[in-house]
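Survey of secondary and tertiary structure
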Amino acid sequence: MKQLILILLSTFSLVALAQNPPRQKVTLAGEILPNAPKILSVSDMEKFQKPITLTIFDPYNKNLETPFYGFFLSELVKAYAKPDFKILRVNAIDGYRVDIPKADIEKAQLFITYKDNAGYLTVDRMGPARIIAPAKGIISKDQLLKIGVYWVWQVKSFEFIK
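Quick summary incoming for the structure in this document. Residue indices begin from 1 for each chain and proceed along its sequence in written order. Only residues with pLDDT of at least 70 are given local features in this predicted model, and only at 80 or more are side-chain atom pairs given and counted; all residues enter the totals for whole chains, interfaces and linings. Think of the side-chain values as coming from all heavy atoms in the structure, minus any hydrogens and water.

Glancing now at the packing of aromatic side chains. Here a Phe, Tyr or Trp ring, Trp counted by its six-membered ring, pairs with any other such ring whose centre lies within 6.5 Å, and the pair is stacked when the planes are under 30 degrees apart, edge-to-face when over 60, and tilted otherwise. Counted under the stated rule, the structure contains 6 aromatic pairs. Judged by centre distance (5.2 Å) and plane angle (80°), the rings of F72 and F111 are edge-to-face. Of the two residues, F72 is situated in strand β4 (residues 64-72) and F111 in strand β7 (residues 111-116); the sequence distance between them amounts to 39 residues. Only protein chains enter the accessibility calculation, which uses a 1.4 Å probe. A residue is then buried if its area is under 20% of the maximum for its type, exposed if over 50%, and partly exposed in between. Using a relative accessible area of 1% as the deciding quantity, one classes F111 as buried. Through a chain of ring-to-ring contacts, three or more aromatic side chains come together here, namely F48, F71 and Y80. A run of H or I in DSSP becomes a helix once it reaches four residues, and a run of E becomes a strand once it reaches two; helices and strands are each numbered from the N terminus.

See below:
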């Protein structure tokens, strides 16, 4: 009986933890507006604008059809970046880095997500934030090489560069 109670308590604790936003934050740097925050928590991203849903067959999760919640990266750019920046450098927690030309942000319809149907994206689930883009159907490896160039998970920072 004690073992059953311990198992139930452990399960409830894990479920409760999954409901809280991750503690990791995303920083904004470079050519940002004076009123722009320097740090965004997941809670800040949720409050930034009403979340929209983007559903894709996630190529990094066994092609499962997954609804992601967040907003388009172009909205963050409009709100916080100086208009004359040329490149958005995205840095990930694991050291990965990609430079996205300003024109490609809207053209590729890049989307910032911090939550899916299973809850918040923690670091072990590619969070605290992840960049994806709309795609129809299952994404082939060849197609992913083209559209996935700017997909970044475990986003740590956005740096706007002139």
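In summary, the side chains of a regular strand alternate between the two faces of the sheet. As paired strands, strand β3 (residues 52-58) and β4 are joined by 7 bridges and run antiparallel to one another. Within β4, the position partnered with F57 by the bridge is E65. In this description, strands pair whenever DSSP reports at least two bridges between them. Taken together, β3 and the strand that follows it, β4, pair antiparallel across an intervening segment of 5 residues, in which K62 is found at a positive phi of about 55°.

Before going further, it helps to spend a moment on the pattern of salt bridges. Put simply, a salt bridge is a Lys or Arg side-chain nitrogen that is within 4 Å of an Asp or Glu carboxyl oxygen. In this structure the tally under the stated criterion is 7 salt bridges. Salt-bridge contacts for E46 lead to K115; the nearest nitrogen and oxygen are separated by 3.9 Å. Here E46 is found in helix α2 (residues 42-48), whereas its partner K115 is found in strand β7, with 69 residues between them in sequence. A salt bridge links D116 to R125; its shortest N-O distance comes to 2.5 Å. Residue classification places D116 among the buried residues on the basis of a relative accessible area of 9%. The partly exposed category is assigned to R125, whose relative accessible area is 27%.

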